[in-house]
Amino acid sequence: MRLALRPYLLIVPALLLTCGILYPFGLGLYYTLFDFSASKPQPDMVRFENYTTVFTQEAFWNSAWVTVLYAVGAALAETVLGVAVALLLHRSTLVGRVLEKILILPLMIAPVIAAIIWKLMLQPSVGVVNYLLRPFGLGGVQWTDTPTGALLSSIAVDVWVYTPFVAILALAGLRSLPASPFEAAAVDGAGWWYTFRRLTLPMLWPYVLVAVIFRFMDSLKVFDIIYALTEGGPGDSTVVLQIRAYLEAIRFQRYSFGISYTIVLWAVVYLAAMVLVKHLGKIQRKAAEVTT
């Protein structure tokens, strides 16, 4: 009997975790059908009126555009820099081994703490960044006080925190690649660029795409870095969908309406993940063909 029950007992933790996730999600989805707010503790059912209001608001489309800009910019920069750093560290040298240990330091700092540190460093008058740039005539830059500067500064902090994550994944991928294709290319006299373009990159793409999926998904639902650095300002230039949901549900106390924003964001993240994971399967098959 114990042997027969063992498979069911093993899935109990996963089942409890699934229920712990699905219950609040389902409850939140149910609340979006009402008009819960601080001014209306006895709500009425409004069905899909909250979603209709969300999609007809200019603020939603502005937040959606800012979210896409942030996610694409951060994921692209982190991927390029992470792969470049991994290629530099792939050579087994003393400097590379030391830098590999230093590389994980940003990952050991909570993103909100990192954003607060960078907020102080980017202060126009007393920040260390402008102090270091002053000899080059760039000491008066308003890093987070302009719409473009605030968005770029938020992306830069995200890149500083999470580029090591991409680099570590890419470095693990580089070290797991088979040696025989590279040995054959060296015998044929292939150059570094040809080897990288025809062998290294195609076989490394599955690892890179896994990092892209993780970072793109996280960037779509970013909250801590932007809120700690700019609080969505100046104006609404850095109000991503997660910040907009917080403002509606907590600050303006329109609970059902704010939850509707999070459900829409969940749908966007889910669809993006489905597309990227499907593309990952194709990349893995192509990488297997290159290996063979």
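The structure displayed is predicted, hence computed values, not measured ones. (Residues numbered from 1 in each chain as written. Predicted model: local features only at pLDDT ≥ 70, side-chain atom pairs only at ≥ 80, totals over all residues. Heavy atoms only, no water.)

On to the packing of helix α9 (residues 180–187) against helix α10 (residues 192–220). With their axes 11 Å apart at the nearest point, α9 and α10 run at an angle of 175° to one another. In terms of orientation, α9 and α10 fall into the roughly antiparallel class. Taking contact as the criterion, the partners of P181, F182 and A185 in α9 are, on α10, T195, L199, T200 and M203. Here the residues of the contact of α9 with α10 sort into five nonpolar, two polar and no charged. (Axes fitted to C-alpha atoms, helices over the stretch in contact; angles between N-to-C directions. Helix = DSSP H or I, 4+ residues; strand = E, 2+ residues; numbered from the N terminus. Parallel < 35°, antiparallel > 145°, perpendicular 65-115°, else oblique. Contact = heavy atoms within 4.5 Å. Nonpolar A, V, L, I, M, F, W, Y, C, P; charged D, E, K, R; others polar.)

Another aspect to go through is the side chain of R215. Relative to the helices and strands, R215 resides in helix α10. Contacts of R215, omitting those with residues within four sequence positions, involve E78, D158, Y162, F165 and V166.

This part takes up the nonpolar core. Nonpolar side chains tend to gather and get buried jointly when the protein is soluble and globular. One finds F216, M217, L220 and Y261 to be the most contacted residues of the largest nonpolar core, which totals 37 residues. Elements supplying a minimum of two residues to this core: α3 (49–56), α4 (58–89), α8 (147–176), α10, α12 (241–251) and α13 (255–291). Ignoring anything within four residues of it in the chain, the contact list for M217 reads V269, A272, A273 and L276. Within the second largest apolar cluster, 20 residues are counted, among which are V66, Y70, L151 and I243. (Core = buried A, V, L, I, M, F, W, Y, C linked by side-chain atoms within 4.5 Å. Buried < 20%, exposed > 50% of the residue type's maximum accessible area, 1.4 Å probe, protein only.)

In this section: a positive patch on the surface. Residues K278, K282, R285 and K286 make up a contiguous surface patch of positive charge. The topology assignment puts K282 in helix α13. (Patch = residues over 30% accessible without salt bridge, like charges linked within 9 Å, V, L, I, M, F, W, Y side chains within 5 Å. Areas by Shrake-Rupley, 256 points an atom, 1.4 Å probe, with all protein chains shown as cover. Salt bridge = Lys/Arg side-chain N within 4 Å of Asp/Glu carboxyl O. Lys, Arg positive; Asp, Glu negative; His and termini not counted. Charge placed at Lys NZ, Arg CZ, Asp CG, Glu CD.)

Cis peptide bonds are those with omega within 30 degrees of zero, and the linkage from G233 to P234 qualifies with -5°. At R47, a position not held by glycine, the phi torsion is positive, near 55°. Take R47: it is sitting in the loop between α2 (12–31) and α3. At Q253, a residue that is not glycine, the phi angle is positive and equals roughly 60°. Residue placement: Q253 occurs in the loop between α12 and α13.

Its boundaries defined by the atoms lining it, the largest pocket holds a volume of some 400 Å³. Forming the boundary of the largest pocket are 13 residues, of which L87, H90, R91, W192 and T200 lie nearest the centre. Looking at the lining of the largest pocket, the elements with two or more residues in it are α4 and α10. The element contributing the most residues to the lining of the largest pocket is α10, with four residues. In terms of residue class, the lining of the largest pocket is built from nine nonpolar, three polar and one charged. (1 Å grid on protein atoms, 1.4 Å probe; cavity = no way out; pocket = protein on both sides within 12 Å on 5 of 7 lines; lining within 4 Å. Points joined across faces, edges and corners; volume = space filled by probe spheres on them.)

Attention now moves to the environment of W61. Positionally, W61 belongs in helix α4. Spatially, the C-alpha atoms of W61 and L241 are 9.2 Å apart, while their sequence positions differ by 180 residues. Within polar-contact distance, the side chain of W61 engages the backbone oxygen of F55 at 2.8 Å. (Polar contact = N/O pair within 3.5 Å; in protein donor to acceptor, adjacent residues only side chain to side chain.)

Take the UniProt feature "transmembrane region" (unreviewed entry) in the protein next. Mapped onto this numbering, the UniProt entry annotates "transmembrane region" (unreviewed entry) at residues 7–31, 68–90, 102–121, 159–178, 199–217 and 255–277. Secondary structure within residues 102–121 divides into 65% helix and 0% strand; the distance between the first and last C-alpha atoms comes to 21 Å. (UniProt positions renumbered as here; feature names shortened; annotations may be inferred.)

Attention shifts here to a nonpolar patch on the surface. Taken together, the side chains of L94, V98, L99, I102, I104, L105, L107, M108 and I168 define a hydrophobic patch exposed on the protein surface, amounting to about 800 Å² of accessible area. For the nonpolar patch, the element with the most residues is helix α5 (residues 94–103), which contributes four residues. Here L99 shows up in helix α5. Judged by its relative accessible area of 43%, L99 is partly exposed.

Turning to α12, its buried residues number three or more, namely L241, I243, R244, A245, L247, E248 and A249. Positioned one or two residues after α12, Q253 has a phi angle of 60°, which is positive.

Pairs can form between side chains of opposite charge once their charged atoms are near each other. Under the counting rule described, the total for this entry stands at seven salt bridges. In this structure, K40 and D35 form a salt bridge, with 2.8 Å as the shortest nitrogen-oxygen distance. Judged by its relative accessible area of 29%, K40 falls in the partly exposed class. Here D218 ties to K221 by a salt bridge, and the two come within 3.2 Å at their closest N and O atoms.

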